[in-house]
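Residue-level structure breakdown
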Amino acid sequence: SSLSNIGLMAAAAFLITTAALQPPLYTLSLAITTVRFCGLSRALFRYLDRYLSHDVTFRLLTGLRGFIYSSLEKLVPVKLPPGNIGIFLNRLTEDMDTLKDFYLNAIAPLFNAFFVIMLTALLFSFYSPTGSLILLSAFFLCLYCCWYSAGQVTAVEDGLLAAYKNECLDFFLGLETIKTSAYGPLKTAQITALEKELSAQRWQKSKATAAADQLAAFISIAALVGLLAGLIEQITASSVSPITAAVLLLAGQA
């Protein structure tokens, strides 16, 4: 799907820039066919991507749940130390939901990005080695930004969420005792404090993610400007034709 998208942009750039020179129509037939093929194949591959990736995700979830519960059956009755019930519940819910999306949100996009960037950089190396270097640098910089922001507050949030669930479970399981001992306001204050701390951590995580997204967008724009400047220099030096430069620029953008 990604390669079809890049091919569509490159073929469209070639078609439009070549047509501007008003050549005979038969010289554009291959470019017209390529644009049609890439446009149709992009839609088809995008549908297959959605279908297959979600199928894999649900199969992973099925396998994970089956593995977890079959493992738990062997341990029944499960005797957890005091204070670990919330952590256990967190593993069964939050962590399993994170793992089921691991392929869809981590493995597949990363592999796809790496494969497509390497292939595009290889194509660029035949025409503009500088452009190839710019693409690779931008990719690894964006990757580092995402990795750095993701690791900032995840571990802290995980511990707070487990502690919050522990307190909530304690509150509901010991509700009768709390009512009779007038311990309710103090317990409620403890839960509220944990909830505020958890919200603050999630707010920090959201800010870190937004900052990484903005920085990645800035790097992408800077890479595109650098690519354009390098191609203009090559056109001036007559090492690349203007049509090829337009194709490379739009392929790099895609």
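On a predicted model such as this, the values are computed, not experimentally measured, just so you know.

Right, let's get into a nonpolar patch on the surface. Side chains of Leu-3, Phe-111, Phe-115, Leu-119, Leu-122, Leu-123, Phe-126 and Tyr-127 sit close together on the surface and give an oily, nonpolar patch of about 840 Å² of accessible area. In this fold, Tyr-127 is placed in helix α4 (residues 102-127).

Tracing the backbone shows Thr-244 in helix α9 (residues 242-253). With 13 residues separating them along the chain, Thr-244 and Leu-231 place their C-alpha atoms 9.2 Å apart. Within polar-contact distance, the side chain of Thr-244 engages the side chain of Ser-241 at 2.8 Å.

Another point: the pattern of salt bridges. In total, this model carries 2 salt bridges according to the counting rule given. Residue Arg-59 is joined to Asp-55 by a salt bridge in which the shortest nitrogen-to-oxygen separation is 2.9 Å. Of this pair, Arg-59 and Asp-55 both sit in helix α2 (residues 29-73), 4 residues apart, roughly one helical turn. For Arg-59, a relative accessible area of 58% gives the class exposed.

Reading the values: the criteria
Residues numbered from 1 in each chain as written. Predicted model: local features only at pLDDT ≥ 70, side-chain atom pairs only at ≥ 80, totals over all residues. Heavy atoms only, no water. Patch = residues over 30% accessible without salt bridge, like charges linked within 9 Å, V, L, I, M, F, W, Y side chains within 5 Å. Areas by Shrake-Rupley, 256 points an atom, 1.4 Å probe, with all protein chains shown as cover. Salt bridge = Lys/Arg side-chain N within 4 Å of Asp/Glu carboxyl O. Helix = DSSP H or I, 4+ residues; strand = E, 2+ residues; numbered from the N terminus. Polar contact = N/O pair within 3.5 Å; in protein donor to acceptor, adjacent residues only side chain to side chain. Buried < 20%, exposed > 50% of the residue type's maximum accessible area, 1.4 Å probe, protein only.

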